[in-house]
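Descriptive analysis of the structure
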Amino acid sequence: MRLASFEHAGVTTWGVIDGSEAIDVGAVLGAEYPTLRTAIAADATGRISAVLADVPRFSVDDITWLPVIPDPTKILCIGLNYEMHRVETGRDVTGHPAVFTRFADSQIGHKAPIVRPHMSTELDYEGELAIVIGKGGRYISRDQAMDHVAGYSIYNDGSVRDWQRHTIQFTPGKNFPGTGALGPVLVTSDEITDYRELKLETRVNGEVLQSAGLDQLIFSIPVLIEYCSTFTPLNPGDVIATGTPGGVGAKRKPPVWLKPGDKVEIEVSQIGILQNEVEDER
């Protein structure tokens, strides 16, 4: 099942994406599950399937895509989780994942503009696989971790590099409004047999700048869930962005900074393409 959050005719809702159609499940089940996050928390896929024949359908051309989970209680981002990216940044090998946080109000959806802030011209792309937690928990063991995954999506962890480098803490450079894209859909975990078989590619104006298999993660998804759930409870709808491969703009010679008019596409096999164009802050 391919789930999404979106707006139609000025109404915020959620539902299923079926090819070129958006099925407005929220129009029928919204009283019980006002957001996709609440539907995930209730493990409502059975209820969703049962009503699909009776809910409104729209062309996807007529919706405004929202971040798949617009209202997560937390977004945890993993840094330096591909060896090529660790090497290009010159960072030391570590025994634990590098974790930082992103705020929900920094997020945008598929086809929404990535905003280059007027404070900087060093806006960078980072294509990533995102996971969404389905069943919450604390101290989740890695051998049970995949049972807690509701599904998979795509993240562009847009980074304002000079602000990221102000100190050793990443937070300022990772939270400018309109820089974190999540979408277009959440593909439920039953449709992806093994995430390690997925391939990720980031393109800017059609040029491939990042390409990697998810089998190249230094810290696997079960390890990330085990580690993160140790220091914080994971809740249904929480997002973990699993890290970006090598090839980021900041480490190219010369650097490749995103500028207004650029089109960024991040494609993950079996999920789709997350597309956003860049514009200057207004």
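The structure this text deals with has already been given above.
The residue numbers shown here count from 1 along each chain, following its written sequence. The model is predicted, so local features are restricted to residues of pLDDT at least 70 and side-chain atom pairs to those at 80 or more, both for listing and for counting; the totals for chains, interfaces and linings are taken over all residues. Hydrogen atoms and water are omitted, and side-chain values are computed over all heavy atoms in the structure.

Considerations on the side chain of D262
Put simply, DSSP marks the helices as runs of H or I at least four residues long and the strands as runs of E at least two long, and each gets a number from the N terminus on. Along the chain, the position of D262 falls in the loop between β17 (239-241) and β18 (263-268). Buried residues are those whose accessible area, probed at 1.4 Å on protein chains only, stays under 20% of the maximum for their type, while exposed residues exceed 50% and partly exposed ones sit between those limits. Using a relative accessible area of 4% as the deciding quantity, one classes D262 as buried. Here a polar contact is taken to be a pair of N or O atoms separated by no more than 3.5 Å, where protein atoms must pair a possible hydrogen donor with a possible acceptor and residues adjacent in sequence count only if both atoms sit in side chains. Polar side-chain contacts of D262 include one of 2.9 Å to the backbone nitrogen of K259. In what follows, a contact means two residues having at least one pair of non-hydrogen atoms within 4.5 Å. Apart from the residues lying within four places of it in its own chain, the contact partners of D262 are V204, N205, W257, N276, E277 and V278.

A word on the sheet that holds strand β15 (residues 199-204)
Strand pairing within a sheet occurs via backbone hydrogen bonds; the two strands may be parallel or antiparallel. Strands qualify as paired when DSSP identifies two bridges or more between them. Pairing in this open sheet of five strands is mixed, and the strands run β9-β19-β18-β15-β16 from one edge to the other. Two strands bound the open sheet, and with one partner strand each, they are β9 (114-116) and β16 (207-213). Here the strands of the sheet are splayed against their neighbours by 20° on average, with no regard to which way each runs. Examined bridge by bridge, β15 and β18 share five bridges and lie antiparallel to one another. Among the inter-strand pairings, R203 is bridged to a residue of β18, identified as E265. To obtain each axis, a line is fitted to C-alpha atoms, and for helices this fit is confined to the stretch in contact; angles are then taken between N-to-C directions over 0 to 180 degrees.

Describing the environment of S211
Among the secondary structure elements, S211 is positioned in strand β16. Separated by 53 residues in sequence, S211 and V264 have C-alpha atoms that sit 14 Å apart. Discounting residues that sit within four places of it in the chain, S211 has contacts with L200 and E201.

Nothing here speaks to function; it is geometry throughout.
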